[in-house]
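For reference, the chains in residue letters:
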Amino acid sequence: MNKSSIRKKILKIRKENRSKNIELNFFSLEQMIIKNRLSRKSIGAYYPYNFEIDITKILKNFEKKGYSILLPKIRNNNQMDFFKWSTNDPLQINKYGIPEPTSSKIFYPDIIFIPIVAFDKDFNRIGYGGGYYDRYLHKLKKIKKIFTIGFAYSFQKVKKIESKKHDVRLDYVFTEKTN
């Protein structure tokens, strides 16, 4: 199955299952970050959109523990950058309907939480098809070492995703079944 077919199928299933209220295990996520010696304290995240996993409670917990929370803004030429945001700050809606921070100073996260449409056992991922995260991760990895964590429901796991040269594999995928 090609990426487009997988994307269409999983987005339909995700929309149908949107009423499922899952609780992500913050403690497991925090321990995994500590175990991987990710002591730097800036997290690039996403604000949930289009039935993505809602990580706002997790972001509030990390913010309480002193982590800086950064959210992306879509830029010109299909690029994005991350900007500081507090869970109490307002957001503005971009042209795609995605909430973005209002701040203007660019920051470079140490850890990035990435929404996923589909993933496989090797942590290859499919997003919405725009390549924003792949381009950003290629750019950021030239500047610093980062750790990438994808967020998805367990039903979004597929057998195999054919990855291309420009695709960036995640370091880890966190689901409601991660303990």
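Residues numbered from 1 in each chain as written. Predicted model: local features only at pLDDT ≥ 70, side-chain atom pairs only at ≥ 80, totals over all residues. Heavy atoms only, no water.

Some thoughts on the overall build of the protein chain
Reasoning step 1: Scanning the protein chain from N- to C-terminus turns up 4 helices and 11 strands.
Reasoning step 2: Within the protein chain, buried positions represent 46% of all 179 residues.
Reasoning step 3: In the protein chain, 72% of the contacts between residues at least 6 apart in sequence involve partners at least 24 apart.
Reasoning step 4: As presented, the protein chain carries roughly 10,100 Å² of accessible surface, and 49% of it is formed by carbon and sulfur atoms. (Helix = DSSP H or I, 4+ residues; strand = E, 2+ residues; numbered from the N terminus. Buried < 20%, exposed > 50% of the residue type's maximum accessible area, 1.4 Å probe, protein only. Contact = heavy atoms within 4.5 Å. Areas by Shrake-Rupley, 256 points an atom, 1.4 Å probe, with all protein chains shown as cover.)

Here we look at the pairing of strand E3 (residues 80–84)
Reasoning step 1: In terms of residue burial, E3 counts as a mostly covered element, since 4 of its 5 residues are buried.
Reasoning step 2: Bridge analysis of strand E2 (residues 68–74) against E3 gives 5 bridges, and the strand direction is antiparallel. Opposite proline 72, over in E3, you have phenylalanine 82 as the bridge partner.
Reasoning step 3: Between E2 and E3, which pair antiparallel one after the other, the connecting turn spans 5 residues, and asparagine 77 there sits at a positive phi close to 60°. (Pairing = 2+ DSSP bridges.)

Regarding the side chain of glutamine 156
Reasoning step 1: By secondary structure assignment, the location of glutamine 156 is in the loop between strand E10 (147–151) and strand E11 (172–174).
Reasoning step 2: Separated by 2.7 Å, the side chain of glutamine 156 and the backbone oxygen of isoleucine 116 make a polar contact.
Reasoning step 3: Beyond its immediate chain neighbours, meaning those up to four positions away, glutamine 156 contacts Ile10, Arg14, Ile116, Val117, Ala118 and Phe119. (Polar contact = N/O pair within 3.5 Å; in protein donor to acceptor, adjacent residues only side chain to side chain.)

What to know about the packing of aromatic side chains
Reasoning step 1: For the coordinates displayed, the defined rule picks out 10 aromatic pairs.
Reasoning step 2: Here the aromatic rings of phenylalanine 82 and tyrosine 136 are separated by 5.0 Å at their centres, their planes lie at 55°, and the arrangement is tilted. Linking phenylalanine 82 in strand E3 with tyrosine 136 in helix H4 (residues 132–141), this pair joins segments that are 54 residues apart in sequence. For the pair shown, phenylalanine 82 and tyrosine 136 are each scored as buried.
Reasoning step 3: With 4.9 Å between their ring centres and 65° between their planes, phenylalanine 113 and phenylalanine 151 make a pair best called edge-to-face. One end of the pair, phenylalanine 113, is in strand E7 (residues 111–115); the other, phenylalanine 151, is in strand E10, and 38 residues separate them in sequence.
Reasoning step 4: When its relative accessible area of 0% is taken as the criterion, phenylalanine 113 is described as buried.
Reasoning step 5: In this structure phenylalanine 151 comes out as buried when scored by relative accessible area, which is 1%. (Phe/Tyr/Trp six-rings, centres within 6.5 Å; stacked < 30°, edge-to-face > 60°.)

Thoughts on helix H1 (residues 3–16)
Reasoning step 1: Look at H1: 20 Å from first C-alpha to last across 14 residues, which is about the 20 Å you get at 1.5 Å a residue.
Reasoning step 2: Along H1, the residues that are buried comprise Ile6, Arg7, Ile10 and Arg14. End-on view of H1: buried residues confined to an arc of 100°, all on one side of the axis. Turned more than 90 degrees from where H1 packs its buried face, Lys8, Lys12 and Glu16 sit exposed.
Reasoning step 3: Where H1 is buried, its residues touch strand E8 (118–119) and strand E9 (125–126). (Expected span 1.5 Å × (residues − 1). Arc of directions from axis to C-beta.)

A look at the nonpolar core
Reasoning step 1: Ile112, Phe113 and Phe151 are the most contacted members of the largest nonpolar core, which totals 37 residues.
Reasoning step 2: With 5 residues, H4 is the largest single contributor of residues to this core.
Reasoning step 3: Sequence-distant contacts of isoleucine 112, that is, excluding residues within four places in its chain, are made with Gly44, Phe82, Tyr133, Tyr136, Leu137, Leu140, Ile146, Phe147, Thr148 and Ile149.
Reasoning step 4: Counting 7 residues, the second largest nonpolar core, distinct from the first, contains Val117, Ile126, Val158 and Ile161. (Core = buried A, V, L, I, M, F, W, Y, C linked by side-chain atoms within 4.5 Å.)

Focus on the pattern of salt bridges
Any two side chains of opposite charge can pair, so long as their charged atoms come close to each other.
Reasoning step 1: The full count for this structure, using the stated rule, is 7 salt bridges.
Reasoning step 2: Residue lysine 139 pairs with aspartate 81 through a salt bridge whose shortest N-O separation is 2.8 Å. Residue lysine 139 is found in helix H4, and its partner aspartate 81 is found in strand E3; the two are separated by 58 residues along the sequence.
Reasoning step 3: The exposure class of lysine 139 is partly exposed, given its relative accessible area of 28%.
Reasoning step 4: With its nearest N and O atoms 2.7 Å apart, the salt bridge here joins aspartate 110 to lysine 144. With aspartate 110 in the loop between strand E6 (106–107) and E7 and lysine 144 in the loop between H4 and E10, this pair connects stretches of sequence that are 34 residues apart.
Reasoning step 5: Among the residues examined, aspartate 110 registers a relative accessible area of 10% and is labelled buried.
Reasoning step 6: Three or more residues joined by partner-sharing salt bridges are found here, namely Arg75, Asp81 and Lys139. (Salt bridge = Lys/Arg side-chain N within 4 Å of Asp/Glu carboxyl O.)

Keep in mind these values describe shape, not function.
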